[in-house]
Amino acid sequence: MSDISTPLTSVGAVTPDSSPTTVTPGQPIILEICHNGDLILVLDQLGGCYHFIVSMQQLSEASTYFDFTSDHKRCSPSSRKLPQLVLSGSFDPITLAVVLYGLHGRREKIPMNISFSDLVEVAEVVNTFSCAPAMRPWDYIWMEQWRHHAEEAVFEAWLFVAWVFEDNDIFQRLTRKFTRIGVMKDEEFVIDINTPFHKDLPHVLLENMREARSTAMLDVIKEMRDLYDKYEAGICTGKKIPCTCYETETGKCNAITFAGLHAGFKNIEKRGPLALTLCFNAYQAMSLEVLAQNISSIKWTPLADRSYYTCTPIPQLAKAVNGHIENIKPLDLSWDGYNDRTSRRVEVKWHDIFSTEFSY
């Protein structure tokens with residue numbers, strides 16, 4: 001993460017009353033998050049060892065992640081040193097410091113502007129600690145700077161950010177978008193062949209997008225199959241399918257349309273010499289939007305002196321296909337299945353301040 005107002009400094013041994021001393025090689029890098037802190041969070045990783053002096057009360061109120069009744073997570077306090085809690089997992093130390101400053105209300109230490117990659121890193125730490133509500137209003141301030149990029153390429157992680165900070169507007173827009181453009185790769189639903197979803201998104205969320213995609217895809221394939229079968233049956237039985245072409249009575253137009261559909265659908269499936277399938281599995285690596293574009297682009301050589309657009313069924317097929325895609329509904333954060341965190345954001349209105357009954 002980019003620089004913050006006060007850099008981390010390396011100091012000697014720290015006790016509750018001590019002050020930073022001269023930098024000593026091998027000593028932990030220490031940051032005083034809380035002036036009257038009563039706990040040291042220890043981040044020990046390959047990049048170095050970091051000690052964050054924090055308040056147990058502030059952390060326990062902001063997040064259930066910090067369970068200070070679990071003695072196995074803490075070192076026994078001594079007469080000279082503060083108790084320690086060793087953090088598991090890997091964190092960027094500056095990102096962690098910014099989140100901890102936020103949980104302690106140290107607004108003078110928090111940057112107003114951060115990059116989008118930093119915002120994603122903050123969301124990852126906040127998700128680990130399950131402390132999104134305690135990060136207000138910083139989450140709003142940071143997200144606002146990047147909101148207009150939410151549906152652009154390379155900002156795919158916005159879905160994760162929106163999920164963590166419970167921004168339902170962007171969450172809905174992106175779940176609908178990714179349902180339309182997502183594909184299957186090795187039985188996994190991904191944004192595209194080279195871009196997976198953020199690793200910390202809940203599995204049920206990805207499954208629901210996948211299921212919505214599958215439902216729409218089956219509807220689209222049925223439209224293709226029904227049209228294909230209609231013309232194939234017409235060829236086999238000699239039944240002429242009405243069109244605006246003067247060749248309707250001869251059946252030539254039907255034959256050319258069937259041949260055009262067969263070649264067009266086969267080209268979409270990219271099966272080479274293999275037979276046309278029009279089955280679900282043939283379209284797993286293709287997004288709904290790409291399939292719709294491919295269908296709209298199907299063309300074939302018309303009868304002599306007749307316009308291709310006179311009697312082709314492709315425009316009607318494309319309209320039906322786009323209708324199925326447009327009917328895809330966005331997912332909504334209000335469903336509890338998308339949020340297994342114990343701490344949820346509650347929107348408090350001005351006149352709600354004294355609505356709670358207090359007990360003393």
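Structure: above.
Values in this document were obtained by computation on a predicted structure and should not be read as measured data. (Residues numbered from 1 in each chain as written. Predicted model: local features only at pLDDT ≥ 70, side-chain atom pairs only at ≥ 80, totals over all residues. Heavy atoms only, no water.)

1. Description of the environment of Val 164
Within the fold, Val 164 resides in helix H5 (residues 158–164). Separated by 33 residues in the primary sequence, Val 164 and Cys 131 place their C-alpha atoms 9.3 Å from one another. (Helix = DSSP H or I, 4+ residues; strand = E, 2+ residues; numbered from the N terminus.)

2. Here's the deal with the side chain of Thr 95
Relative to the assigned elements, Thr 95 resides in helix H2 (residues 93–103). Polar contacts involving the side chain of Thr 95 include one to the side chain of Asp 92, which spans 2.8 Å. (Polar contact = N/O pair within 3.5 Å; in protein donor to acceptor, adjacent residues only side chain to side chain.)

3. Quick word on the side chain of Lys 177
Residue placement: Lys 177 occurs in helix H6 (residues 168–181). No salt bridge is formed by the buried Lys 177, whose closest oppositely charged neighbour, Glu 151, lies at an N-O distance of 5.7 Å. (Buried < 20%, exposed > 50% of the residue type's maximum accessible area, 1.4 Å probe, protein only. Lys, Arg positive; Asp, Glu negative; His and termini not counted. Salt bridge = Lys/Arg side-chain N within 4 Å of Asp/Glu carboxyl O.)

4. As for the pattern of salt bridges
Two side chains bearing opposite charge may form a pair once their charged atoms approach each other closely. Throughout the structure, instances matching the rule amount to twelve salt bridges. Across the salt bridge formed by Arg 173 and Glu 151, the nearest N and O atoms sit 3.0 Å from each other. You can see Arg 173 sitting in helix H6 and its partner Glu 151 sitting in the loop between helix H4 (138–144) and H5, a full 22 residues away along the chain. Taking relative accessible area as the criterion, Arg 173 reaches 29% and is therefore assigned partly exposed.

5. Considering H2
Along H2, ten of the eleven residues are buried, which leaves the element largely enclosed by surrounding structure. Residues of H2 that are buried: Pro 93, Thr 95, Leu 96, Ala 97, Val 98, Val 99, Leu 100, Tyr 101, Gly 102 and Leu 103. In this structure, the buried side of H2 is in contact with strand S2 (29–32), strand S3 (39–45), strand S4 (48–54), helix H1 (56–62), helix H3 (116–129) and H4. A distance of 3.3 Å separates the backbone nitrogen of Ile 94 from a side-chain oxygen at the start of H2, and that oxygen is part of Asp 92. Downstream of H2 by one or two residues, Gly 105 has phi in the positive range, about 70°. (Contact = heavy atoms within 4.5 Å.)

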